[in-house]
Amino acid sequence: MTTPLIDNPAAFCAQYGPWAVIAGASDGTGEQFAHQIAATGINCVLVSRRHGVLTTLGETLEKTYGVKTRVVVLDLSLANAGIQLCKAVADLEVGLFVSNAGADTAGKLFAEGDLNTWHNLINMNVHNPMDACHILMQPMIERGRGGLLLMGSGQAIGGQPRTGVYSACKGFSLNLCEAMWTELKPLGVDVLSAVAPLMHTPTLHRTLGDLAHAIPGVLDADYVVRTSLENLNIGPIYIFPTGIPGDDHEAIMAARKQRIDNVLALAKAMFEGG
Ligand SMILES: NC(=O)c1ccc[n+]([C@@H]2O[C@H](COP(=O)([O-])OP(=O)(O)OC[C@H]3O[C@@H](n4cnc5c(N)ncnc54)[C@H](OP(=O)(O)O)[C@@H]3O)[C@@H](O)[C@H]2O)c1
């Protein structure tokens, strides 16, 4: 049984420090990631669209935990924002990348939503996190340590009406995380897809209004973030209760982990000749 590194701040810093980049850091789970990561002593790059909120958060983190912070204002739904983000942190030794921003607030049928809306959602959940992972993992591989944590969703498990593109994006993210984990874990770099449940975040409350309080089983952001960080050095996925009737999240997680073992053996035979 692997011990969560987050329980040992010095070991957590050694694996994921000295800088973390949190994409979508200004509220909800992103703000929680910033607090919980800074509490271990890791400096934080805070990324989102709202400069004022990020600056205030940065000041709080510096005062509370004695870490350094950098604010990067970026619209992560735009093309090439992942590459721009990496340019903005190129002078830093980044040991941890958290891709948090990604919610679908449209609530539209696939046919109703315009293509621009869907393209922006794909940029935020697919193109930009993929580009940032690809760029940021290179020095991590060279150093033989680091971590990539992508916020997923229970919707990655299957397509749903009114969130078709979103669930497709989260499916991409989940599969990419599983694959990256198999490739990077032997090199010392950890990967986690946090397959998130419904959570009390400002975005959910803006999207659903009072309904957010009426739905049973909505979890608090600080608990989801803590559990995700506990699983970062275990990986490759942590599936929270999805809230979908009939979904046994423990069984789905166990089956996917077993499948990864099976795929590894097959891939070894196919690409390495046994
Ligand atoms: N909340 C839930 O119930 C739920 C359920 C399952 C999965 N998730 C996943 O959990 C993650 C966090 O969700 P969330 O509910 O907190 O909502 P979210 O809107 O994905 O995240 C909020 C954070 O992302 C930033 N952000 C949003 N759009 C951005 C953009 N275009 N460019 C830059 N930053 C942007 C926001 O800052 P600014 O407004 O300052 O830009 C804020 O810091 C997402 O990946 C989501 O898919 C959420």
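Residues numbered from 1 in each chain as written. Predicted model: local features only at pLDDT ≥ 70, side-chain atom pairs only at ≥ 80, totals over all residues.

Can you walk me through helix H4 (residues 81-88) in this structure?
Because each turn of an α-helix spans 3.6 residues, side chains separated by three or four positions end up pointing in the same direction. Restricting attention to buried positions, one finds in H4 the residues Ala81, Gly82, Leu85 and Cys86. In an axial view of H4, the angular spread of the buried residues amounts to 140°, which keeps them on one side of the axis. Looking at the packing, one finds that the buried side of H4 touches strand S1 (19-23), strand S2 (43-48), strand S3 (69-73) and helix H5 (115-143). (Buried ≥ 20, exposed ≤ 12 C-beta atoms within 10 Å, placed from the backbone. Helix = DSSP H or I, 4+ residues; strand = E, 2+ residues; numbered from the N terminus. Arc of directions from axis to C-beta. Contact = placed C-beta atoms within 7 Å.)

Even after reading the chapter, I still don't get the site of the ligand, so can you show me in this structure?
Around the ligand, a shell composed of 28 residues is seen, among which Gly24, Gly28, Arg49, Gly102 and Thr203 lie nearest. No other element matches the three residues that helix H2 (residues 28-38) contributes to the shell around the ligand. Class assignment of the residues belonging to the shell around the ligand gives a composition of twelve nonpolar, twelve polar and four charged. (Near = placed C-beta within 6 Å. Nonpolar A, V, L, I, M, F, W, Y, C, P; charged D, E, K, R; others polar.)

Please explain the pairing of S1 as it appears in this structure.
One face of the sheet, then the other: side chains in a regular strand alternate in exactly this way. Burial within S1 is extensive, with five of its five residues counted as buried. On S1, burial covers both faces: Trp19, Val21 and Ala23 on one face and Ala20 and Ile22 on the other are all buried. Relative to S2, S1 runs parallel, the two being bridged by five bridges. Its bridge partner lying in S2, Ala20 is registered against Cys44. (Pairing = 2+ DSSP bridges.)

What is the right way to read the sheet that holds S3 from this model?
By definition, the strands of a sheet pair up through backbone hydrogen bonds, in either a parallel or an antiparallel sense. Strand order across the open sheet formed by seven strands is S3-S2-S1-S4-S5-S6-S9, with parallel pairing between neighbours. What marks the edges here is a single partner per strand, and that holds for S3 and strand S9 (237-239). For this sheet, the mean inter-axis angle between neighbouring strands, taken without regard to orientation, is 15°. Two elements, S2 and S3, share five bridges in a ladder whose sense is parallel. Opposite Val45, over in S3, you have Arg70 as the bridge partner. Along the sheet, H5 contacts strand S4 (94-99), strand S5 (146-151) and strand S6 (189-195); its crossing angle with S4, the most-contacted strand, is approximately 155°. (Axes fitted to C-alpha atoms, helices over the stretch in contact; angles between N-to-C directions.)

What is the right way to look at the nonpolar core in this model?
Nonpolar side chains tend toward joint burial in soluble globular proteins. Ranked by internal contacts, the top residues of the largest apolar core, which has 72 residues, are Ala20, Val21, Ile22, Ala34, Cys44 and Leu46. Ranked by residues supplied to this core, first place goes to helix H6 (residues 164-184) with eight residues. When neighbours within four sequence positions are excluded, Ala20 is seen to be in contact with Ile37, Ile42, Cys44, Val45, Gly95, Leu96 and Val98. (Core = buried A, V, L, I, M, F, W, Y, C linked by C-beta atoms within 7 Å.)

Can you help me understand H5 in this one?
Its 29 residues place the ends of H5 41 Å apart at the C-alpha level, agreeing with the 42 Å of an ideal helix rising 1.5 Å per residue. In the structure, H5 departs most strongly from a straight axis at Asn123, where the bend amounts to approximately 50°. Within the sequence span of H5, burial applies to Leu121, Asn123, Met124, Asn125, His127, Asn128, Pro129, Ala132, Cys133, Leu136, Met137 and Met140. Of the surrounding secondary structure, the elements contacted by the buried residues of H5 are H4, S4, S5, H6 and S6. Where H5 ends, the next residue or the one after it, Gly144, has phi of about 75°, a positive value. (Expected span 1.5 Å × (residues − 1). Bend = angle between axes of the 7 residues up to and from the residue.)

Please explain the packing of H2 against helix H3 (residues 51-65) as it appears in this structure.
Running from N to C, H2 and H3 point in directions that differ by 25°, and their axes come no closer than 10 Å. The orientation of H2 with respect to H3, classified from their angle, is roughly parallel. For the pair H2 and H3, the crossing hand works out as right-handed. Together, Glu31, Ala34 and Ala38 of H2 and Leu57, Leu61 and Tyr65 of H3 make up the contact between the two elements. Its residues assigned to classes, the contact of H2 with H3 shows five nonpolar, no polar and one charged. (Parallel < 35°, antiparallel > 145°, perpendicular 65-115°, else oblique. Left-handed = near helix turned anticlockwise from the far one by under 90°.)

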